[in-house]
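Structural overview for review
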Amino acid sequence: MKNYKQKPIDHKSELKKHVSTIHCANSLSLLQRKIANALLFHAYENLLLQDEYHITIRELCSLIGYDSHDYKSIKKALIDLLSTVIEWNIIEEGLPESEGEWNASSIIADASIKGSICSYSYSKRMKQLLYMPAIYGRLNMQIQAQFKSSYGLALYENVIRYQNLNQTPWFDLNVFRKLMGVALDIYPIFRDFKRRVIDKAVAEVNAVADLTVEPEFKRIDRKITTIRFLITKNSTLIKNPNKNAAKQSGLLLHLNKEYGLNEKQIHHIIAAYDENYILEKIALIESSSSYNNGKIINLGKYLLNALQDDYKQPKSSSQKKQKESIAVELELLRKKHSNIKELNEKKLYQTYVDEYLKTQLESLPENSKQILMENFNKHIRNLEIINKLYIKEGLQNKIIFIEFKNFVKQQFPEILMSVLSFEDFVSNM
């Protein structure tokens, strides 16, 4: 079977989605909408060049923000996309509906999953519609991944086209229901439709997206008949939360300094893989004897391979060996090697600094230690990605301890005032 490698996601991650496929009457679930957009995003570059497209399940899950291992739901959503027929040109601007061109097609023509690879295709009519559209909305894939409701994502899809106009056109209320995937017999009373659909969708768009929306209504004989949305660009929103949160944390610095990765490589990793998955592979590498012996020549390439091929801990390694401290491993290595220069001096020095910091932390007066930890807690609460890791594992986690060490160096340098320089450390070995 051909090995289809997961490609890094461009950090802009924008999908040019034809407005006709946005303005379509369907009742897609949140997962179905996300998967449909992700498949198109992945295939778009070669949409007219290939008859079939291939994506890893991991990349698909990453694009839609799906962190579950329940792949049955993915398969069910694909089946639903196969059986869902969409009609487009519901909104035919400048013409009465009767004069517009009516089209219909299933969203995807076929799909299969073999091992970790999902293969799929589009009908000829859908491909012609979707490729290089003259009028399109720009969907940000990282923003899409954050939506938790189908109504919120549907509203975002239907207003994004008009962001440069600062408002949508007036939608007939029944047409708007179709655009949101809400049948006429669902919430037939407008008060309920507004509270359960419009208000919730608006709240989620304003919380998640790079724009804010405000609904306006028109009445005829006190009855709401049309709706439009005023649009304001949300300049304060972090458009790529995964990338920026990683920038704020010690993870980016660690990938650069320890693994020698450049900014472009780091951005691609952050966009393509879940943060916990990255941390898992880093921990796997740094707990290995090869890493601690300095035997991995190109750490950056090794990490990229570990991420792409999902390296696992060898089954023969015991849990006890995995948890052995770096200090113990180094001591064994000292005894084994007659020439200490064979060891990686930088790794030895980092171990020395780490052990020194731990000793200093233990010897601090209780009130000084409390002040230090309170300040570190405030610092790490702003780092969303690793704060969860800190709450779960504390300073025992290597990534957290690196962040703590950097924090101490910057905010409480007196604690490490007496630590040896690298040169002095080497000369005393």
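The rules behind these values
- Residues numbered from 1 in each chain as written.
- Predicted model: local features only at pLDDT ≥ 70, side-chain atom pairs only at ≥ 80, totals over all residues.
- Heavy atoms only, no water.
- Core = buried A, V, L, I, M, F, W, Y, C linked by side-chain atoms within 4.5 Å.
- Buried < 20%, exposed > 50% of the residue type's maximum accessible area, 1.4 Å probe, protein only.
- Helix = DSSP H or I, 4+ residues; strand = E, 2+ residues; numbered from the N terminus.
- Contact = heavy atoms within 4.5 Å.
- Pairing = 2+ DSSP bridges.
- Axes fitted to C-alpha atoms, helices over the stretch in contact; angles between N-to-C directions.
- Phe/Tyr/Trp six-rings, centres within 6.5 Å; stacked < 30°, edge-to-face > 60°.
- Expected span 1.5 Å × (residues − 1).
- Arc of directions from axis to C-beta.

Re the nonpolar core
Within soluble globular proteins, side chains that are nonpolar tend to cluster in buried spots. Core analysis: the largest hydrophobic core is formed by 39 residues, its most contacted members being Leu372 and Phe404. Elements supplying a minimum of two residues to this core: α11 (250-257), α12 (263-272), α13 (275-286), α15 (299-309), α18 (345-363), α19 (366-381), α20 (384-393) and α21 (398-411). If one sorts the elements of this core by residue count, α21 sits on top with 6 residues. Of all hydrophobic cores here, the second largest spans 32 residues; its members include Ala36, Tyr53, Leu78 and Leu129.

Observations regarding the environment of leucine 416
Mapped onto the elements, leucine 416 comes out in the loop between α21 and α22 (422-427). The spacing of leucine 416 and tyrosine 356 is 60 residues in sequence and 8.1 Å in space, taken between C-alpha atoms. Residues contacting leucine 416, with those up to four places away along its chain left out, are Tyr356, Leu357, Val408 and Lys409.

What about the sheet that holds strand β6 (residues 117-121)?
Within a sheet, each strand pairs with its neighbour through backbone hydrogen bonds, oriented either parallel or antiparallel. The antiparallel open sheet is built from 3 strands, whose spatial order is β2-β6-β5. Two strands bound the open sheet, and with one partner strand each, they are β2 (53-56) and β5 (110-114). With strand direction ignored, the average angle separating the axes of adjacent strands in the sheet is 20°. One ladder, built from 4 bridges, connects β2 with β6; its direction is antiparallel.

Some thoughts on the packing of aromatic side chains
Considering all chains together, one arrives at 15 aromatic pairs under this definition. Here tyrosine 53 and tyrosine 120 contribute two aromatic rings whose centre-to-centre distance is 5.6 Å and whose plane-to-plane angle is 40°, an arrangement assigned as tilted. Of this pair, tyrosine 53 sits in strand β2 while tyrosine 120 sits in strand β6; the two residues are 67 residues apart in sequence, bridging distant segments of the chain. When the ring of phenylalanine 376 is compared with that of tyrosine 390, the centres are 5.4 Å apart and the planes differ by 90°; the resulting orientation is edge-to-face. Taken as a pair, phenylalanine 376 in helix α19 and tyrosine 390 in helix α20 lie far apart in primary sequence, 14 residues in all. What makes tyrosine 390 buried here is its relative accessible area of 14%.

Re helix α4 (residues 71-83)
In a regular helix each residue adds 1.5 Å, so 13 residues correspond to 18 Å; α4 covers 19 Å between its end C-alpha atoms and thus fits that length. Every buried residue of α4 is accounted for by Ile74, Ala77, Leu78, Asp80 and Leu81. Down the axis of α4, the buried side of the element spans an arc of 160°, and every buried residue falls inside it. Exposed and facing more than 90 degrees away from the buried side of α4 are Lys72, Ile79 and Ser83.

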